[in-house]
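If you want the building blocks of each chain, they are given just below.
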Amino acid sequence: MNMMRKHLKPPGILLALFFSLALVALFVKLNITKIDNTGDDTVTKVSLNHGVDLKKPIIDISGWQLPSEMDYDTLSQQVNGVIVRVQHGISMKKKNNAAYENGKDKAMDTHIEEFQKRNVPVAVYAYVNGKSESEMRKEAQKFYERAEKYKPTYWWLDVEEVTMKTDFNRGIEAFRDELAKFGAKNIGIYTQDWFITANQLDVEPFSSVWLAHYGGDTGYWDTSPDTTIPYDLHQYTSRGRLNGFAGDLDFNRVTNIEDYNKLFNHGQPIK
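Each value, and the rule that gives it
Residues numbered from 1 in each chain as written. Predicted model: local features only at pLDDT ≥ 70, side-chain atom pairs only at ≥ 80, totals over all residues. Heavy atoms only, no water. Helix = DSSP H or I, 4+ residues; strand = E, 2+ residues; numbered from the N terminus. Buried < 20%, exposed > 50% of the residue type's maximum accessible area, 1.4 Å probe, protein only. Contact = heavy atoms within 4.5 Å. Areas by Shrake-Rupley, 256 points an atom, 1.4 Å probe, with all protein chains shown as cover. pLDDT = per-residue confidence, 0-100. Pairing = 2+ DSSP bridges. Axes fitted to C-alpha atoms, helices over the stretch in contact; angles between N-to-C directions. Salt bridge = Lys/Arg side-chain N within 4 Å of Asp/Glu carboxyl O. Polar contact = N/O pair within 3.5 Å; in protein donor to acceptor, adjacent residues only side chain to side chain. Core = buried A, V, L, I, M, F, W, Y, C linked by side-chain atoms within 4.5 Å. Left-handed = near helix turned anticlockwise from the far one by under 90°. Nonpolar A, V, L, I, M, F, W, Y, C, P; charged D, E, K, R; others polar. Right-handed = clockwise from strand over helix to strand, strands pointing away.

(A) Local environment of the overall build of the protein chain. The number of helices and strands found in the protein chain is seven helices and 11 strands. The burial tally for the protein chain puts 46% of its 271 residues in the buried class. Sequence-distant contacts, at least 24 apart, represent 59% of the contacts inside the protein chain between residues at least 6 apart. Split by element, the accessible area of the protein chain, about 14,400 Å² in all, is 51% carbon and sulfur.

This is how it looks when you write it as structure tokens:
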């Protein structure tokens, strides 16, 4: 059952005004500002000390979002970070407009370079598609080879389907282990809480968990995962909209500056 926060409703205008003035005074004293995110909740804008507005979304993109349709200048002003797909496995049975036959995302280089030149921190992800432990390790090798030169802030394994007939959990660990052997330091897993439970995935070896949980998928954050699984990043809608791109975007959020620094600033405090 999804847990949703509700607005408090003061009984009268004078009482509402009193609380508003008191809150303003408190926020000024603490040097922070509260901003309404969805109408159902608020997030903290870290304004003076960090320069990171946690109200802004983190987006994840791939070759399905064509570079020719993206205004990178405009988009860069509206996001806190970007997670770019590097590959969908290492071979494609069917051709599509987003990936080459060798699995490499057609837009990865352009997406990464365009956002990085605008000082937007970039992490990367790979859709995991190995059918055996050996294939998992080969996918990890290609993932590293294709993205290492960009020095991404984080490496994510996108785990959405069971691709091995037996011991899928061991295959996922083989991918993570191989990626770490090549030198990747920050390795996380993207999935859903029910998928972790249903397939008995061991997420402990990963340094971070990124959970997809859409609620009403309205384009706004309206609910959070109801889970005991610790996570740092939440993908809350697939219907986000920003100036600079006409289509839908995946929106993600962190809840505090510490998680943001961990995922997008190599663990270092924002100055």
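On we go from here.
(B) The arrangement of the confidence of the model for the protein chain in detail. In the predicted model, the protein chain carries a mean pLDDT of 84, and 80% of its residues have values of at least 70. For the stretch residues 1-50, pLDDT sits under 50, and the model shows 58 contacts to residues farther than four places along the chain or on other chains.

(C) Just the sheet that holds strand β11 (residues 245-253), in detail. In spatial order, the strands read β4-β5-β6-β7-β8-β9-β10-β11; together these eight strands close into a barrel with mixed pairing. Within this sheet the neighbouring strands show an average axis-to-axis angle of 30 degrees, counted without direction. The sheet contact formed by strand β8 (residues 187-191) and strand β9 (residues 208-212) spans four bridges and is parallel. Residue Ile-189 lies in a different strand from β9, and its bridge partner there is Val-209.

(D) Structural detail: the pattern of salt bridges. Overall, the coordinates contain 16 salt bridges when judged by the stated rule. Linking Glu-114 and Lys-117 is a salt bridge whose minimum nitrogen-to-oxygen distance equals 3.5 Å. Taking relative accessible area as the criterion, Lys-117 reaches 56% and is therefore assigned exposed. The shortest N-O distance in the salt bridge between Glu-133 and Arg-170 comes to 3.1 Å. A residue pair is termed long-range when its members are at least 10 positions apart, and Glu-133 in helix α4 (residues 133-147) and Arg-170 in helix α5 (residues 168-182) qualify at 37 residues.

(E) Quick peek at helix α7 (residues 257-264). Here α7 lies mainly inside the structure; six of its eight residues are buried. For α7, the capping residue at the N-terminal end is Asn-256, with a side-chain oxygen 3.2 Å from the backbone nitrogen of Glu-258.

(F) Layout of the nonpolar core. Counting residues in each nonpolar core, the largest one holds 49 residues, and the members touching the most others are Phe-115, Trp-155, Leu-157, Val-159, Ile-172, Phe-175 and Leu-179. The residues touching Ile-172, leaving out its near neighbours within four places in the chain, are Val-128, Met-136, Leu-157, Val-159, Ile-189 and Phe-206.

(G) Layout of unusual backbone geometry. Located in the positive-phi region is Asn-119, a residue other than glycine, with phi close to 65 degrees. For Lys-151, which is not glycine, the phi dihedral falls at a positive 50 degrees. Tracing the chain through its elements places Lys-151 in the loop between α4 and β7 (155-158). Using a relative accessible area of 53% as the deciding quantity, one classes Lys-151 as exposed.

(H) A look at the packing of α4 against α5. One way to put it is that α4 packs onto α5 with a least axis distance of 8 Å and a crossing angle of 35 degrees. As for the relative orientation of α4 and α5, their crossing is right-handed in sense. Residues Glu-133, Met-136, Arg-137, Glu-139, Ala-140, Gln-141, Phe-143 and Tyr-144 of α4 form the contact with α5, whose own contacting residues are Phe-168, Arg-170, Gly-171, Ile-172, Ala-174, Phe-175, Asp-177, Glu-178, Leu-179, Lys-181 and Phe-182. A class-by-class count of the residues in the contact of α4 with α5 yields 10 nonpolar, two polar and seven charged.

(I) Here's a closer look at the environment of Val-203. Summarising the element assignment, Val-203 is placed in the loop between α6 (193-198) and β9. As for Val-203 and Glu-173, which are separated by 30 residues in sequence, their C-alpha atoms are 8.9 Å apart. Aside from chain neighbours lying at most four places away, what touches Val-203 is Ile-189, Ile-196 and Val-209.

(J) How the structure looks around the pairing of strand β5 (residues 81-88). Most of β5 sits out of view: seven of its eight residues are buried. In terms of strand pairing, strand β4 (residues 58-61) meets β5 through four bridges, oriented parallel. Across the sheet, Asp-60 pairs through a bridge with Ile-83, a residue of β5. Handedness of the crossover joining β5 and strand β6 (residues 122-127) through helix α3 (residues 108-116) is recorded here as right-handed.

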